[in-house]
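# Commentary on secondary and tertiary structure
Here is how the chains run, residue by residue.
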Amino acid sequence: MKLLSIAAGRAGLWAGLLIASAGLVCGQGTVNPIPLDTPTNPPRRAPVDDGAAACSAGECSAEESLAAALRRIEQLERRVVEVEGEIAPLFIEADRLNEVGRLDDPGPACGSDLCVTAAPLASHYVIYDRGWTLRPCSRQRIPFELKLELHHQFRFTQFGARGEPDPDAAGNPRDISDRNDFDINRGRVVFSGYAFSPDLGYYLNIDYSTVASSSILPLLGWTSFRISDRLSLYMGLGKVPGTWEWQQTSRYTLGVDRTMATTFFRPSISAGIWANGSLNDSLHYTVFAGDGFNTLSLRADALDTNLAYSMLAWWEPLGDFGVGFSDLEHHDSFVLRLGHGLTQTQNESVIGEVPNQEGTVFRLTDGTRLTEEGALRPGERVDEFDVWLYTVHAGLKRRGASMSGEYYCRWLRNLRGASGSEFQSLFDHGFYVQSGAFIVPKSVEVFARGSYVTGKQGSGDEVSAGFNWYLFGQRNARATFELADLNDSPAQQSRTGYVAGGSGLLFRAQLWTFY
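Below, the structure is looked at part by part. As the structure is a computational prediction, the values presented were derived from the model and not from experiment.

Moving on to the side chain of Thr286. Here Thr286 shows up in strand E9 (residues 283-290). The class for Thr286 is buried, based on a relative accessible area of 7%. Of the polar contacts made by the side chain of Thr286, one reaches the side chain of Asn276; its length is 2.9 Å. Not counting the four nearest positions on each side in its chain, Thr286 is found in contact with Pro241, Gln247, Trp274, Ala275, Asn276, Ser310, Met311, Leu312 and Trp314.

Rendered as structure tokens:
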């Protein structure tokens, strides 16, 4: 009843203002003041102007009547503001009471503060939850959420080449330059959330960089559907899983970036469908079917008709291993991760003299592209081949110390040239091992890493050491300094800093921030 009474009083005040204004517009010399001591108004009221009261008795001129009316209007306007301040909490409280029982998992502050005090009709509130999040007050009533994240990897790279590099397997000379530069290796603007239902998610990752061939491009993007707590399906542009270090985000590597061996063997990004799931609390898996081994920048007319298939499965028997390779969480007891992966695809020839674009990402163990003319036989080029990649990995963490590694086996089979000639199958293999320990808990971590790749065309290796500084005791801000000694690198990628055939000292210092 109090709510209805105050609402009626508020309506009366506005009606009074309209009447007073109408009187002035129509040229009336006097305006009778509107009494506030009506039953519908609260006892508190603005003081009545004496001039207005006198004019109401006909004791003043038209000019004085007009001035008194204007003063009265100002009083009424102030009273309207007062009444609005009194009535607003009641509307808000009514809206809150109407929502009781319907706020499913609203968040710690939604039901108590943000959604209640914002406005009677508030549908969303803004909160920081690993990114700036526009979150609904009720997931059932308004099932739409949007999160914005910014990721930024700023790096200084210095490389000094050692000696003259050998020609590649095709006999082509290599030109390897020294480096001394600053770059944005990875910058990301990430949008994520859900629509229509918390089970229907979306994700969009826009990449910006000063080292990639495209300064700005859509890197990852998908729609997901959560079938149960143990199974979710994804459709869009995603990672071909294949290997552990590749599956983990580059924000969580132990050193500056992924190792040389991972850069050489790993698959990349492709459009497809995949599932993430778990059989129980310790057994997890990802299965994927997509366009190819690495088709991020390719369009439909550059793809063959064969799909790529990949899976990664792992077991955490001693409890949750956590993300990444560092034990920033400082597990009190040992946690263990054991897993393996398998990736398979076929690459077919294309019409004309241009080699299969899908196949250009594969390199021999001396760094020569597999599809380079003369790579396996003078004057001939590989146009068709099958790829099988099998990996096994293990990781261990305890009290700020960690150790991890992964072994790679790759088979290139059914190799054929443009003329129909056949080549001998190739088997390449390699590994990385790495270990770290916090010398200042949850702040400063020292580490050492090494990786090795070998095959018929040659071998390459790296050894490195450095330290991480977690600026605020969490992964969101990490400075890393690493010095690596490279010998005949078989890998090449602009983001990691490896150059095919390169030998020398590679120093990298960077700051990762994401929020």
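Still to come is the rest of the account.
By the definition in use, this model includes 20 salt bridges. The salt bridge partner of Arg162 is Asp485, with a shortest N-O separation of 3.0 Å. With a gap of 323 residues between them, Arg162 in the loop between strand E3 (144-161) and strand E4 (179-195) and Asp485 in strand E17 (residues 477-487) connect regions that are remote in the sequence. By relative accessible area, Arg162 is classed as partly exposed at 39%. Arg475 is the salt-bridge partner of Glu329, the closest N and O atoms lying 3.0 Å from each other. Highlighted residues: Glu329 in the loop between strand E10 (308-315) and strand E11 (335-347) and Arg475 in the loop between strand E16 (458-470) and E17, separated in sequence by 146 residues. Taking relative accessible area as the criterion, Glu329 reaches 37% and is therefore assigned partly exposed. In this structure, a network of salt bridges that share partners links the residues Asp129, Arg130, Arg135 and Glu145.

With that settled, consider the pairing of strand E8 (residues 269-278). Most of E8 is tucked away, with 7 of its 10 residues classed as buried. When strand E7 (residues 231-239) meets E8, the two strands line up antiparallel, connected through 9 bridges. Within the sheet, the bridge partner assigned to Tyr234 lies in E8 and is Trp274. Pairing of E8 with E9, which is carried by 7 bridges, proceeds in the antiparallel orientation. Bridge pairing links Gly272 to Gly290 in E9.

Thresholds applied
Here the residue numbers are simple positions, counted from 1 along each chain's written sequence. The predicted nature of this model means local features are confined to residues of pLDDT at least 70 and side-chain atom pairs, given and counted, to a pLDDT of 80 or more, with totals for whole chains, interfaces and linings taken over all residues. Just so you know, side-chain values use all the structure's heavy atoms and leave hydrogens and water out. Counting from the N terminus, the helices are the DSSP runs of H or I reaching at least four residues and the strands are the DSSP runs of E reaching at least two. Note on classification: 1.4 Å probe, protein chains only; a residue is buried when its accessible area is under 20% of the maximum for its type, exposed when over 50%, partly exposed between these limits. Between N or O atoms, a polar contact is any pair within 3.5 Å; within protein, one atom must be a potential hydrogen donor and the other a potential acceptor, and residues adjacent in sequence are included only when both atoms are from side chains. Residues count as neighbours in contact if any of their non-hydrogen atoms are within 4.5 Å of one another. Between Lys or Arg on one side and Asp or Glu on the other, a salt bridge is scored when a side-chain nitrogen of the former is within 4 Å of a carboxyl oxygen of the latter. Only when DSSP finds a minimum of two bridges between them are two strands counted as paired.

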